[in-house]
Structure formats: C-alpha cells, structure tokens
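Here's the letter readout for the chains.
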Amino acid sequence: MSTKIAFIGLGIMGGPMAANLVKAGFEVTGYNRTPAKAEQLADAGGRAAKSIADAVRDADVVATMVPDSPDVRAVLTGEDGVFAHAPQGALIIDFSTIRPDVAADLAAAGHEKGFRVLDAPVSGGEAGAIEGALSIMVGGAADDFAAAQPVFDAVGKTIVHVGPAGSGQTVKAANQLMVAGHLALLAEAVTFLEAYGVDTEAALRVLGGGLAGSTVLQRKGPAMLARDFTPGFRIALHDKDMGIVTAAAREAGVVIPLGAVAAQLVASLKAQGDGGLDHSALLKLIQQLSGRDQEQENQK
Ligand code: NAP
C-alpha cells in the first residue's frame, strides 16, 4: 500500500515539492489557501483538497510549507487544523522556515496529541525544489527521521539529521545569515566591477572558479547582471529570516555584526516596497547607495 501524503501550502516551494512526491509514487493530496494552486497539483497527478481536514483525514504523512511561525501554528493547531483532523500517529514534517523555539513548542504539542513531528527547513531555492535537490536540515527524534527518509529522498539531495526538535530551524537560521551576507557582498562586487567597466559576465565566471565561488554566485550572479529580480525567494521572507536569526543570536548572547548590517539592508528594501522582489534585489539597494542607478539614468 502506498504512503499517503497531505501537502499543505503549494507556493513557490511547496508546489514543485508536492509534484516531485507525486513523481516518486506517493499518493499526494494538496491543500492551498488559494485553490488554483491545488488544481495545478491535480494536473500533475495529485488530488486537490478543499480544506486541511479533507487533505489530512487519512494521511500517513502531513507536510507543511507556509511562510512564517504564526502560519505554521495556525495550520497545525487551528480548529480546522492538522492536529484536530489527522489520524493518530501521523508523521508531521514542517518544511517551512520558522523560529526554532516555535518549532520545538509545536513538536511538544504534537507529541502530546500522539503525533510524530519533525522540523525540516530546506535550502536550495525554487530551482532546488523543482530539481528535487534541496538541502534539508532536520530536527526531531532519530526514528522519526528514519521513517521520513523516503519522503526526504523525493525532494532533497543533502539530507541531515542535526539534532532534537527545533535544531533544523537553528541550522536554517545560520544558513539565512550566510546567504544574506554573501548576497550583499556579491551585490557590492558587481557594483564595483561595473563602475570600472569590467566585463562582469567574464568576471563572475573566473571568480566562480576561485575561493569566492559559491552557489549564491552561481545561482544569483546572472540574475543580478540581468537585473531580473523575479522571485525566487522574496525579500519579505528573507526579512522574516533575518528577524529569526537576530533574535535567536541575541537570546544566545552571540553577536553577529555583519549579519546585523545585512539584516538592515534587507529591511530597507522591504520598507521601500520591494518585499515582493527576489533577494538578489539587494543589488538594487547597493546601487542606490552608490548613486549608480541615478548615474545610469543621467547618461541616457
Ligand atoms: P510562497 O510562494 O509565498 O508560498 C507560501 C504558501 O503558503 C502559499 O501557498 C500560501 O497560500 C500559503 N499560506 C500562507 N499563509 C498561510 C496560512 N496562514 N495558512 C495556510 N496557508 C498559508 O512562499 P515560498 O517561497 O514557497 O516559501 C515557503 C516557506 O519556505 C517559507 O517559510 C520560506 O522562508 C521557505 N523557503 C523558501 C525558499 C524560496 O526560495 N522561495 C527557499 C527555502 C525556504 P496562498 O497561495 O493562498 O497565498
């Protein structure tokens, strides 16, 4: 008998992840707040549910992929939510990026109701979700991690159990800190190279082969050069994540000076109304700080 998976939240990440679970042979029922996205899953061979209750009723595994801590809390603990309607013993896997303390609280609340709960935030972006090549950092019990392995294998490539409930989210917070810092420095490098009239495509190609090379450069460099800030990963979500890492670092008495600057840059873009752009739009802000946009306008 095949494993039945309910997938809640079929956005930029959840949509392709659910489609990959269908491809891997799971019976997938999707629920999305805006129904059209669930219809896309139905077209890909899954089933579209009209409510969370309908999606999870006979699920072995419930996967969630929604934006923020209050959203996961609402989906799991709400009156019409997962805890109220999923079968006892179901394995709940939250792929969203949320606060580590909230993840640990929700796991404890789920255990009390007889569920197995894992926090399993991902990295790799929309491309990683489409390719089924995400990095997945998992917090929770070792036997629950082992039980979830076939699900993880269908959506990810680097899958690591990092510790008890909430630890996956702690590792993801570190990931978001590093990505924001790296993106900001990439934006500064591109602005610097353009100011000197260097062939930036050639420059990024050679930089990519040296110590400065990275997945951030490889995936986001071309988008910056083309000024294509279609999300991807929205600035508003990265702003949420910088809030998570800033609060968690403070709680631990850890100082993150470069992270604090990166957090302010991300917050500034959001405040200027660019929360819907991809996080590669940090280039836009760095260019503004150097008066580069204006300079290019004046040359027209
Ligand atoms: P997204 O495209 O905005 O999708 C979010 C989904 O959640 C949408 O389908 C939305 O429904 C649904 N949703 C929002 N609030 C809800 C609520 N309160 N109850 C039920 N459903 C709700 O976001 P995403 O980019 O897929 O990101 C999802 C999570 O993955 C976030 O935690 C993000 O930080 C993380 N993440 C994203 C990326 C990336 O590159 N995008 C990479 C790694 C991790 P509607 O369609 O009705 O709006």
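Residues numbered from 1 in each chain as written. Predicted model: local features only at pLDDT ≥ 70, side-chain atom pairs only at ≥ 80, totals over all residues. Heavy atoms only, no water.

Looking at this structure, I do not really get the overall build of the protein. What am I missing?
A count of helical and extended segments in the protein gives 15 helices and nine strands. Seen through its principal axes, the protein has C-alpha atoms that stretch 65 × 45 × 35 Å. The buried share of the protein, reckoned over its 300 residues, is 48%. Across the protein, every contact between residues at least 6 apart in sequence was considered, and the portion connecting residues at least 24 apart equals 65%. A total accessible area of about 14,100 Å² is found for the protein, and carbon and sulfur atoms account for 56% of it. Taken together, the 24 basic and 33 acidic charged side chains of the protein have centroids lying 2 Å from each other. (Helix = DSSP H or I, 4+ residues; strand = E, 2+ residues; numbered from the N terminus. Buried < 20%, exposed > 50% of the residue type's maximum accessible area, 1.4 Å probe, protein only. Contact = heavy atoms within 4.5 Å. Areas by Shrake-Rupley, 256 points an atom, 1.4 Å probe, with all protein chains shown as cover. Lys, Arg positive; Asp, Glu negative; His and termini not counted. Charge placed at Lys NZ, Arg CZ, Asp CG, Glu CD.)

Explanation requested: the site of the ligand in the structure shown.
Near the ligand there are 24 residues, and of these Asn32, Thr34, Lys37, Pro67 and Arg234 occur at the shortest range. The backbone of Val66 places a nitrogen or oxygen atom 3.2 Å from an oxygen atom of the ligand. Measuring from an oxygen atom of the ligand, one finds a side-chain N or O atom of Arg234 at 2.8 Å. Within the complex, 89% of the 900 Å² of free accessible area of the ligand lies under protein. Of all elements in the fold, only helix H4 (69–77), helix H7 (125–131) and helix H12 (235–251) reach the threshold of two or more residues within the shell around the ligand. Mapping the shell around the ligand onto the domain boundaries places at least three of its residues in each of domain 1 (4–164) and domain 2 (170–299). (Near = heavy atom within 4 Å. Polar contact = N/O pair within 3.5 Å; in protein donor to acceptor, adjacent residues only side chain to side chain. Domains from an automatic or database assignment.)

I keep staring at the nonpolar core and nothing clicks. Help me out?
Phe7, Met17, Leu21, Ile93, Phe95, Ile136 and Phe152 are the most contacted members of the largest nonpolar core, which has 32 residues in total. The set of elements that each furnish at least two residues to this core consists of strand E1 (4–8), helix H1 (14–23), helix H2 (35–43), strand E4 (61–64), strand E5 (91–94), strand E8 (134–139) and helix H8 (142–155). If sequence neighbours within four positions are ignored, Phe95 has contacts with Phe7, Met17, Ala63, Thr64, Met65, Ala120, Pro121, Val122, Ile136, Phe152 and Val155. Core analysis: the second largest hydrophobic core is formed by 25 residues, Ala55, Val66, Val75 and Val117 among them. (Core = buried A, V, L, I, M, F, W, Y, C linked by side-chain atoms within 4.5 Å.)

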